[in-house]
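# Coordinate analysis (summary)
Residue-level listing of the chains:
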Amino acid sequence: MNVVSYGGGVQSTALLVLAAHGHIPYDTFLFANVGDDSEHPATLRYLREIATPFAAENGIALHILERRRRDGTTETLRERLVRPGSRSIPIPVRMSNGAPGRRSCTADFKIKVVGRWLRENGATKETPAQVAIGISVDEIHHANRRRSEPHEEIVYPLLDLGLRRTDCHGIIEQAGLPIPPKSACFFCPFKTLQQWQEMRRSEPELFAQAAELEAALIAQRATLGRDPAYLTRRAKPLPEAIPQATPLPLVDSDEAECDSGWCMT
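Below is a short write-up of the structure. Only a predicted model underlies this, so the values are computations on that prediction, with no experimental measurement involved.

What follows concerns the overall build of the protein. Helix and strand counts for the protein come out as nine helices and seven strands. By residue count, 50% of the 265 residues in the protein fall in the buried class. Partitioning the contacts of the protein with sequence separation of at least 6, the portion at a separation of at least 24 is 70%. Accessible area for the protein stands at about 12,400 Å²; split by element, carbon and sulfur atoms hold 49% of it. Looking at charge distribution, the protein has the averaged site of its 32 positive side-chain charges lying 7 Å from that of its 33 negative ones.

Put into structure tokens, the structure is as follows:
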């Protein structure tokens, strides 16, 4: 079984085009949706209006997966975050001293969701599925074959083809498709300060939702007698951390990126 973990961003959309044109041997793409209340709305629009029709036109099955509880109901990442009595935060928040918190969002809402679909469709430890991840040459430091389930074998077709992110842009444009936005949860703490500021300028309602979520997390931790946790490393509430107009200092990109390739690709 050969599948692509479709992240909804530039690199995995380039893989979709390459597969459609017969350059790589994949006809199944899996998008693990962490929740319509959690994914960036622009990513969901691209997925449903651009990627899904393109896949169908080219004989590719693009499955949208969701995390399911034991009773069969779905769970979103935002629901997990605001669950009453929750004592942990599964996203990479910053603690009051600026240190990063522990996270499980990628494992719980991406890796395990894809892994469950693979098991249900025949993948085993003895006959593992080959799962392609969209990491390009310029992000090779994120390639890590240990981040997988026992019934998976992680591969990186863009690395094998020697393709960079700029090459992926060209592949998508040549197929007549618009370039997808950077994919991630809209409240992901891995955003750079500049990305937060751009959201505040161009998507004020979404920024307000992120600030509301952060405030809820701070209040929840207060009831447990714990220090506040923030969505930026500036260790202050989002509206204060991200000024509307004042330029912000540059952030090292390595400190602001998910390191697995399951998100943001």
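Picking up after the structure, the text goes on.
Of all hydrophobic cores here, the largest spans 30 residues; its most connected members are Tyr 6, Tyr 26, Phe 29 and Leu 62. The leading source of residues in this core is helix α1 (residues 10–20), at eight residues. If sequence neighbours within four positions are ignored, Tyr 26 has contacts with Asn 2, Val 3, Val 4, Ala 19, Ile 60, Gln 130, Ala 132, Val 155 and Pro 157.

Another aspect to go through is the state of the cysteines. Taken as a whole and judged by the stated rule, the model has zero disulfides. Sulfur of Cys 185: no disulfide; nearest cysteine sulfur belongs to Cys 188 and is 6.2 Å away. Among the residues examined, Cys 185 registers a relative accessible area of 14% and is labelled buried.

Right, let's talk about the pairing of strand β3 (residues 61–66) for a bit. Relative to β3, strand β2 (residues 28–33) runs parallel, the two sharing six bridges. Residue pairing in the sheet places Leu 30 in a bridge with His 63 of β3.

Two side chains bearing opposite charge may form a pair once their charged atoms approach each other closely. Counting across every chain of the model gives eleven salt bridges. When the shortest N-O distance is used, the salt bridge between Arg 83 and Glu 75 registers 3.9 Å. On the accessibility criterion, Arg 83 (40% relative accessible area) is partly exposed. Between Asp 108 and Arg 80 there is a salt bridge whose closest N-O contact spans 3.2 Å. You can see Asp 108 sitting in helix α4 (residues 105–120) and its partner Arg 80 sitting in helix α3 (residues 77–81), a full 28 residues away along the chain. You'll find Asp 108 and Arg 80 in the same group, each marked buried.

What follows deals with the packing of aromatic side chains. By the definition in use, this model includes four aromatic pairs. Between Tyr 6 and Phe 29, the ring centres sit 6.3 Å apart and the planes meet at 65°, which makes this aromatic pair edge-to-face. Remark: Phe 29 occurs in strand β2 and Tyr 6 occurs in the loop between β1 (2–5) and α1; sequence separation between them is 23 residues. Pair check on accessibility: Tyr 6 and Phe 29 agree, each one buried. Following the ring pairs from residue to residue traces out a cluster consisting of Tyr 6, Phe 29 and Phe 31. Here the basic side chain of Lys 110 rests over the ring of Phe 31, its NZ or CZ set 4.9 Å away from the ring centre. Above the face of the Trp 196 ring, Lys 191 is positioned so that its terminal group lies 5.1 Å from the ring centre.

So, how was this worked out
Residues numbered from 1 in each chain as written. Predicted model: local features only at pLDDT ≥ 70, side-chain atom pairs only at ≥ 80, totals over all residues. Heavy atoms only, no water. Helix = DSSP H or I, 4+ residues; strand = E, 2+ residues; numbered from the N terminus. Buried < 20%, exposed > 50% of the residue type's maximum accessible area, 1.4 Å probe, protein only. Contact = heavy atoms within 4.5 Å. Areas by Shrake-Rupley, 256 points an atom, 1.4 Å probe, with all protein chains shown as cover. Lys, Arg positive; Asp, Glu negative; His and termini not counted. Charge placed at Lys NZ, Arg CZ, Asp CG, Glu CD. Core = buried A, V, L, I, M, F, W, Y, C linked by side-chain atoms within 4.5 Å. Disulfide = S-S within 2.5 Å. Pairing = 2+ DSSP bridges. Salt bridge = Lys/Arg side-chain N within 4 Å of Asp/Glu carboxyl O. Phe/Tyr/Trp six-rings, centres within 6.5 Å; stacked < 30°, edge-to-face > 60°. Lys NZ or Arg CZ within 6 Å of the ring centre and 35° of its normal.

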